[in-house]
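Read off the chains here:
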Amino acid sequence: MSSQDIPEENLPAEQSAGHDEHGHGAVSPADDKHPFVDPGLPPHEPRIQDIDERAAKRSERSVALLFTVSMLATVAFIASFVAIPVDKSVFIFPLGRISALNFALGLTLGIALFCIGAGAVHWARTLMSDVEIADERHPIEAEPEVREKVFADFKQGAKESAIGRRKLIRNTMFGALTLVPLSGVVLLRDLGPLPEDKLRHTLWSKGKLLVNMNTNEPLRPADVAVGSLTFAKPEGLEEHDHDFQNEIAKAALMIVRIQPENIKDKRELEWSHQGIVAYSKICTHVGCPISLYEQQTHHVLCPCHQSTFDLSDGARVIFGPAGHALPQLRIGVNEEGYLEALSDFEEPVGPAFWERG
C-alpha cells in the first residue's frame, strides 16, 4: 500500500526543527564537557500498521492465527501421546525408520513453541511501538523517582503494546501460554504407573513354600543347618517370568538357623521354627542384597555401605547408615514337612519411601 492510498489525516505530522520529541534526527554539537559529537537517533519512519488500521488488523489476525495454531499443536501433542502406541515406527525421509510417537511429540511440541515465539515477534515488530528512546544512565540504587519512572514506563509499555485494546491477540496468547505447559504435565505419565500400595506387599502369603534359590527345591527344616546362610524365593516365582526381577527385589529371603536360646527378641522367636528365622535380604539403606553372614555373632553385613544387622536380636541395625531393622517373615511347617510362609511381611521391605508414613 502506498502513501497515496492512506487517508491524509492518518499520515504522520512533520516534525519541526528536523527532529521529534524523542530526539530522532537530533544532533548534539561537541563542547568542552562532551568532546564527541552525538549523532542522535535516526529519523523515525512510521510503519504501515502505524498509519493504517486495516494493516494493523491484518497483523493482529496473523498473530492470533499463530497463537491458535500453537493451541491446536498442543492439543495434537496430548492426543499423540495418548493414541500412538509406543512401539509403532514410521519411515520418514531422510531420517529413516523412527519411533512414530517420538516424531509426533517432537513435531507438535516444536510447532506449539515456535508459533508462540513467532507470534510474539510478529506482534512486537508490527503492532507494538517501535520508537527508539534514549535513556540516560542512572545510579543502581532505586530512588523514589526511579521507581516512579519504572512504573510509568511499564504503564506506557502496556499502553503501547495495545494488549488492552487488541483483545483477540491477548486472549489467544493467554490460551497458547496456558495450554503449552500441559505438554510437560502429560510427559509425567512416562514416569510409570502409580505405585499405589505395591511397595507394601510381596509375593509372600499364607501357605507359600520357601524355595531354595540354588536348587529350586522346597526347603525342609533339616535342609537348614545351624550357622548356615540360605537364600530363598516364593513358590511359583521363576527366573523366566517377565516380572521376576521386580518381584525378587521385594521377596528375596535369607534363612539362618540359630539356637533358640540364643534368640534375644521374643517376637523373632515366635515367628521362627525351631530356631530357623527368615529375614528380607534387601538392605533397608538403599536396597542392596545382603550376602555376608558371621556365624559366631549372627551378624549380617551389607557389602555396599557396611550396614550391619543382628539376626539374633530382631535384625536391628548395630552399625552403618541403614535406617531400620530388616523385616522378618513369619514361617512354619506344613503337613508335608516343608517350610512355608504364614503371612506376608508385616512392613514394607527395603529402603524407606515417602508414602510409608
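Here the residue numbering is sequential within each chain, running from 1 through the sequence in written order. Note on the predicted model: pLDDT of at least 70 is required for a residue's local features to be given, and 80 or more for side-chain atom pairs to be given and counted; whole-chain, interface and lining totals, by contrast, use all residues. For the side-chain quantities, the full set of heavy atoms in the structure was used; hydrogens and water were omitted.

1. Some thoughts on the packing of aromatic side chains
Argument step 1. For this analysis, a ring pair means two rings from Phe, Tyr or Trp (six-membered ring only for Trp) whose centres lie within 6.5 Å, classed as stacked if their planes differ by under 30 degrees, edge-to-face if by over 60, and tilted for the remaining angles. If you walk through the whole model with that rule in mind, you get 0 aromatic pairs.
Argument step 2. Lysine and arginine charges are scored as sitting over a ring when NZ or CZ, respectively, is within 6 Å of the ring centre and within 35 degrees of the ring normal. Its guanidinium or amino end placed over the ring of F231, K281 lies 3.9 Å from that ring's centre, counting from NZ or CZ.
Argument step 3. Just above the ring of W271 sits the side chain of R330; from NZ or CZ to the centre is 5.9 Å.

2. A few points about a negative patch on the surface
Argument step 1. A contiguous patch of negative charge on the surface is contributed by E141, E143, E145 and E148.
Argument step 2. In this fold, E141 is placed in the loop between α3 (100-126) and α4 (144-161).
Argument step 3. Using a 1.4 Å probe on the protein chains alone, a residue whose accessible area is under 20% of its type maximum counts as buried, one over 50% counts as exposed, and one in between counts as partly exposed. According to the relative accessible area criterion, E141 is partly exposed, its value standing at 45%. Exposure above 30% relative accessible area and the lack of any salt bridge qualify a residue for a patch; like charges then connect within 9 Å, and the nonpolar side chains Val, Leu, Ile, Met, Phe, Trp and Tyr within 5 Å. Computed with the Shrake-Rupley method and a 1.4 Å probe, the accessible areas treat only the protein chains shown as cover for residues. Put simply, a salt bridge is a Lys or Arg side-chain nitrogen that is within 4 Å of an Asp or Glu carboxyl oxygen. The sign given to each residue is positive for Lys and Arg and negative for Asp and Glu; His and the chain ends receive no count. A single reference atom marks each charge: NZ on Lys, CZ on Arg, CG on Asp, CD on Glu. By the criteria applied, helices consist of DSSP H or I runs no shorter than four residues and strands consist of E runs no shorter than two, each listed in order from the N terminus.

3. Some thoughts on the pattern of salt bridges
Argument step 1. Counted by the stated rule, this structure contains 10 salt bridges.
Argument step 2. Across the pair R166 and E60 runs a salt bridge whose closest N-O atoms are separated by 3.3 Å. Remark: E60 occurs in helix α2 (residues 53-83) and R166 occurs in the loop between α4 and α5 (167-179); sequence separation between them is 106 residues. E60 matches R166 in its accessibility class, with the two residues each being buried.
Argument step 3. Salt bridges sharing partners connect three or more residues here, namely E53, K57, E60 and R166.

4. Description of the sheet that holds strand β8 (residues 299-301)
Argument step 1. In short, DSSP must find at least two bridges between two strands for them to pair. Spatially, 4 strands are ordered β7-β8-β9-β10 in an open sheet, and the strand pairing comes out antiparallel. Here the strands that pair on one side only, and so sit at the sheet edges, are β7 (292-294) and β10 (316-319). Averaged over neighbouring strand pairs, the angle between their axes works out to 30° when direction is ignored.
Argument step 2. In this structure, β7 lies alongside β8, joined through 3 bridges in antiparallel fashion. Residue pairing for β8: Y293 is matched across the bridge by V300. Lines fitted to the C-alpha atoms define the axes, with helices restricted to the stretch that makes contact. Angles between their N-to-C directions range from 0 to 180 degrees.

5. Description of the state of the cysteines
Argument step 1. Sulfur atoms of two cysteines make up a disulfide when they are within 2.5 Å. Throughout the structure, instances matching the rule amount to 1 disulfide.
Argument step 2. Between the sulfur of C288 and that of C304 lies a disulfide, 2.4 Å long from S to S. Measuring handedness by torsion sign, the sulfur bridge of C288 and C304 sits at about -110° and is left-handed. One end of the pair, C288, is in the loop between β6 (276-280) and β7; the other, C304, is in the loop between β8 and β9 (308-310), with 16 residues separating them in the sequence.
Argument step 3. The buried category is assigned to C288, whose relative accessible area is 13%.
Argument step 4. Given a relative accessible area of 37%, C304 falls into the partly exposed group.

6. What about a nonpolar patch on the surface?
Argument step 1. Residues L65, V69, L107 and I111 make up a contiguous nonpolar surface patch of roughly 320 Å² in combined accessible area.
Argument step 2. With respect to the helices and strands, I111 occurs in helix α3.
Argument step 3. Residue classification places I111 among the partly exposed positions, given a relative accessible area of 35%.

7. Structural notes on the sheet that holds strand β11 (residues 328-329)
The strands that make up a sheet are held in pairs by hydrogen bonds between backbone atoms, and each pair lies either parallel or antiparallel.
Argument step 1. With antiparallel pairing, 5 strands are arranged side by side in an open sheet as β3-β4-β5-β6-β11. Of all strands in the sheet, those bounded by a partner on one side alone are β3 (210-212) and β11.
Argument step 2. Sheet topology places strand β4 (residues 229-234) next to strand β5 (residues 253-257); 4 bridges connect them, and they run antiparallel. Its bridge partner lying in β5, F231 is registered against M254.

8. Some points on the nonpolar core
Argument step 1. With 18 residues, the main nonpolar core has M254, I290, V300, L311 and L326 as its most contacted residues.
Argument step 2. Where this core is concerned, the elements lending two or more residues are β5 and β6.
Argument step 3. Contacts of M254, omitting those with residues within four sequence positions, involve L229, T230, F231, V277, A278, Y279, S280, K281, I290, V300, L311 and L326. Nonpolar cores were defined as sets of buried Ala, Val, Leu, Ile, Met, Phe, Trp, Tyr and Cys residues, with membership established by side-chain atoms within 4.5 Å. In what follows, a contact means two residues having at least one pair of non-hydrogen atoms within 4.5 Å.

9. Describing the UniProt feature "transmembrane region" (unreviewed entry) in the protein chain
Argument step 1. UniProt positions are given in the numbering used here, feature names are shortened, and annotations may be inferred rather than shown by experiment. In the numbering adopted here, UniProt assigns the feature "transmembrane region" (unreviewed entry) to residues 63-86, 98-121 and 168-188.
Argument step 2. Within residues 63-86, the helical portion is 88% and the strand portion 0%, while the C-alpha atoms at the span's ends are 35 Å from each other.
Argument step 3. Helix makes up 92% of residues 98-121 and strand 8%, with an end-to-end C-alpha separation of 33 Å.

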